[in-house]
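# Notes for the structure review
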Amino acid sequence: MAENQNSKDLYMIIKEKYQRKSVAGQLQSVFGKEIYHYSCLESTNKVAYLLAKKGAEEGTVVVADEQTQGEGRGDHYWYSPQGGLWFSLILRPRMVSSETSRLSILGATGIAMSIDRLFSSLKVRIRWPNDVVIKDKKVAGVLIKVRTERCNVNFAIMGVGVNLNVREFPSPLSFTATSLIKETGDSTSKKKFLESTLEELENLYFSSQVNGQMLLEKARLFSSLLGRQVEVITTEGKFQGLVQDLDEDGGLILRLESGLHKKILPEEGYIKERSQKI
Ligand code: BTN
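Residues numbered from 1 in each chain as written. Predicted model: local features only at pLDDT ≥ 70, side-chain atom pairs only at ≥ 80, totals over all residues. Heavy atoms only, no water.

## Here we look at the overall build of the protein
- Helix and strand counts for the protein stand at 7 helices and 12 strands.
- Every one of the 278 residues in the protein was classed for burial, and the buried ones make up 53%.
- Split by element, the accessible area of the protein, about 13,300 Å² in all, is 48% carbon and sulfur. (Helix = DSSP H or I, 4+ residues; strand = E, 2+ residues; numbered from the N terminus. Buried < 20%, exposed > 50% of the residue type's maximum accessible area, 1.4 Å probe, protein only. Areas by Shrake-Rupley, 256 points an atom, 1.4 Å probe, with all protein chains shown as cover.)

See below:
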């Protein structure tokens, strides 16, 4: 959908708008109070961005059953057929642009917590910065888009893709991706999973504004990389080392072979290879 499309059209094709109850039965306060549900979009991120520019409130969600131009990290195409959960959440965090890296970690942690809550037998992990994986195959991802004004964040769009009921992936994705239906053998209610994930994201988002360490502790619990030897491809080149920690900015702290430490932010790099846990 083009950015300059008349925004009135967006409101006219709203199919679903409801007040949501949490999985635990409590009314949710902010995230998902407004949900715009489309059967098919180019990308929920694009529509959420337009809505946010028009002043949509924090917590507004755009969800599509299918995306024709799903956006992945690093300008990659995100495979978004029917069956998956594809949504974008509008955030208005009080932060400066240099702090927004932590939103990637927050998103991945919220999804991992939701999967863990609903499917406790699955061993869900976060592969820094934003991949949610099961048995090293990607089950979900997060893409953050930020609009800033004089270094302050005006709004952020958290795009979330979860391979919920996706049964098959085209090659080469079939080697690296998985879905909840493939892992559990059962289909999952999209509404239930969305509710649960929004609830986890909302709790993490507001509690991390009071205590940033809490988010970090949760992220460490799910991290698949701590204590592992990795190769990180960055804009500065390749770095090999041992993953020592994650920090509050969403950065990966690597101990290089030289013994020096290097911090890499989510937008600066991605993991190329992993070796055995030591
Ligand atoms: C990644 O590359 O890991 C991030 C993938 C994010 C995909 C989601 S699906 C909903 C939202 N809309 C998009 O176009 N992309 C994000």
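## So, the pattern of salt bridges
- Using the criterion set out here, one finds 14 salt bridges in the structure.
- Here Glu42 ties to Lys46 by a salt bridge, and the two come within 3.1 Å at their closest N and O atoms.
- When its relative accessible area of 24% is taken as the criterion, Lys46 is described as partly exposed.
- The partner of Glu195 in a salt bridge is Lys191, with the nearest N and O atoms 3.1 Å apart. (Salt bridge = Lys/Arg side-chain N within 4 Å of Asp/Glu carboxyl O.)

## So, the pairing of strand β9 (residues 237-246)
- Here strand β8 (residues 228-234) pairs with β9 via 6 bridges, running antiparallel. Each bridged residue has a counterpart across the sheet, and for Thr234 the counterpart in β9 is Gly237.
- Linking two consecutive strands that pair antiparallel, namely β8 and β9, is a turn of 2 residues.
- Two strands pair when backbone bridges link them, and β9 and strand β10 (residues 252-256) are joined in this way by 5 bridges, in the antiparallel orientation. Its bridge partner being in β10, Gly241 is matched across the sheet by Leu256. (Pairing = 2+ DSSP bridges.)

## Here we look at the environment of Leu198
- With respect to the secondary-structure elements, Leu198 resides in helix α6 (residues 190-210).
- Leu198 sits in the buried class, given a relative accessible area of 0%.
- Considered as a pair, Leu198 and Gly32 are 166 residues apart in the sequence and their alpha carbons are 6.9 Å apart.

## Considering the site of the ligand
- Taken together, 20 residues lie around the ligand, and Ser43, Gln67, Glu71, Arg73 and Lys138 are the ones closest in.
- Within the side chain of Ser43, a nitrogen or oxygen atom sits 2.7 Å from an oxygen atom of the ligand.
- In this structure, a nitrogen atom belonging to the ligand sits 3.0 Å away from a side-chain N or O atom of Gln67.
- Burial of the ligand by the surrounding chains reaches 98%, relative to a free accessible area of 420 Å².
- Breaking the shell around the ligand down by element, the ones donating at least two residues are α2 (44-53), β3 (85-91), β6 (137-149) and β7 (152-162).
- Among the elements that take part in the shell around the ligand, β6 stands out by supplying 4 residues, more than any other. (Near = heavy atom within 4 Å. Polar contact = N/O pair within 3.5 Å; in protein donor to acceptor, adjacent residues only side chain to side chain.)

## Some words on empty space enclosed by the protein
- Applying the stated criterion across every chain, the model contains 1 cavity of 30 Å³ or more.
- If you add up the space inside the largest cavity, you get close to 50 Å³.
- If you trace the largest cavity, you find it lined by Ile105, Ile126, Trp128, Pro129, Ala219, Ser223 and Leu246.
- The residue makeup of the lining of the largest cavity, split by class, is 6 nonpolar, 1 polar and no charged. (1 Å grid on protein atoms, 1.4 Å probe; cavity = no way out; pocket = protein on both sides within 12 Å on 5 of 7 lines; lining within 4 Å. Points joined across faces, edges and corners; volume = space filled by probe spheres on them. Nonpolar A, V, L, I, M, F, W, Y, C, P; charged D, E, K, R; others polar.)

## Description of the sheet that holds strand β5 (residues 131-134)
- The strand order across the open sheet built from 7 strands is β1-β2-β3-β7-β6-β5-β4, with neighbouring strands paired in mixed fashion. Taken across any chain shown, the strands that pair with only one partner, and hence form the sheet edges, are β1 (35-41) and β4 (124-127). Each strand of the sheet is rotated relative to its neighbour by a mean of 20°, with strand direction disregarded.
- Where strand β2 (residues 61-67) meets β3, 4 bridges bridge the pair, whose relative direction is antiparallel. Following the sheet pairing, Val61 is matched in β3 by Leu89. (Axes fitted to C-alpha atoms, helices over the stretch in contact; angles between N-to-C directions.)

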